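Breakdown of the fold
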Amino acid sequence: MYYDPTFQPQNVKLSNLEVEKLIGKKLLLFKGWRAAEGPYSGQQCYITSPYIGWIPECGLKDMKQISYSEWQRGIDVL
């Protein structure tokens, strides 16, 4: 499944300036896994494309599922 939510992390103490630039912007994601342990235990995690890492559902808002073709068009624009 593919999504284009807004990146809005709860923990704004990010150490990566490139990632900080993405706060409040739309991302292209695909569904990853459900965290089994740690601070995000039980939350669905998503993988970014292009890859900057994975993001737990608590760091996303305005989650909207999109089709693969919409997701691919977005990747092509990046």
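Please refer to the structure higher up on the page.
Predicted model, so just to flag it, every value in this text is computed and none were measured. Sequence positions are assigned chain by chain, starting from 1 and proceeding in written order. Note on the predicted model: pLDDT of at least 70 is required for a residue's local features to be given, and 80 or more for side-chain atom pairs to be given and counted; whole-chain, interface and lining totals, by contrast, use all residues. Side-chain numbers come from the whole structure's heavy atoms, not from hydrogens or water.

Structural notes on the packing of aromatic side chains
Only Phe, Tyr and Trp rings take part, Trp by its six-membered ring, and two of them pair if their centres are within 6.5 Å. Stacked means planes under 30 degrees apart, edge-to-face means over 60, and tilted covers everything else. Counting across every chain of the model gives seven aromatic pairs. Look at Tyr3 and Tyr46: their rings are 5.3 Å apart centre to centre, the planes differ by 80°, and that puts the pair in the edge-to-face class. Remark: Tyr46 occurs in strand 4 (residues 44-48) and Tyr3 occurs in strand 1 (residues 2-3); sequence separation between them is 43 residues. Pair check on accessibility: Tyr3 and Tyr46 agree, each one buried. A ring pair is formed by Phe30 and Trp71, whose centres lie 5.8 Å apart and whose planes are at 90°; its orientation type is edge-to-face. With Phe30 in strand 3 (residues 29-34) and Trp71 in helix 2 (residues 68-77), this pair connects stretches of sequence that are 41 residues apart. Residue Phe30 is classed as partly exposed on the basis of its relative accessible area of 28%. Numbering of helices and strands runs from the N terminus; a helix is a DSSP stretch of H or I covering at least four residues, while a strand is a stretch of E covering at least two. We call a residue buried when its accessible area falls under 20% of the maximum for its residue type, exposed when it is over 50%, and partly exposed in between, using a 1.4 Å probe and counting protein chains only.

Focus on the environment of Glu20
Residue placement: Glu20 occurs in helix 1 (residues 17-20). By relative accessible area, Glu20 is classed as partly exposed at 32%. It is 9.7 Å that separates the C-alpha atoms of Glu20 and Phe7, two residues lying 13 residues apart in sequence.

Let's talk about the side chain of Gln43
Of note, Gln43 is situated in the loop between strand 3 and strand 4. Only heavy atoms matter for contacts: two residues are in contact if any of them lie within 4.5 Å across the pair. Those residues in contact with Gln43 that sit more than four places away from it in its chain are Trp33, Arg34, Ala35, Pro56, Glu57 and Cys58.

Considering the sheet that holds strand 3
Each pair of strands is called paired provided DSSP finds at least two bridges between the two strands. Pairing within the open sheet is antiparallel, and its five strands lie in the order 5-4-3-1-7. Bordering the open sheet on either side are strand 5 (54-56) and strand 7 (65-66), each of which pairs with just one other strand. In the sheet, strand 4 pairs with strand 5 via three bridges, with the strands oriented antiparallel. Bridge pairing in strand 5 places Cys45 opposite Pro56.

A closer look at the environment of Gln8
With respect to the helices and strands, the residue Gln8 is situated in the loop between strand 2 (6-7) and helix 1. According to the relative accessible area criterion, Gln8 is partly exposed, its value standing at 32%. For the pair Gln8 and Leu22, spaced 14 residues apart in sequence, the C-alpha separation works out to 8.7 Å. With near-sequence residues (within four places) excluded, Gln8 lies in contact with Ile23, Gly24, Cys58, Gly59, Leu60 and Lys61.

Nothing here speaks to function; it is all geometry.
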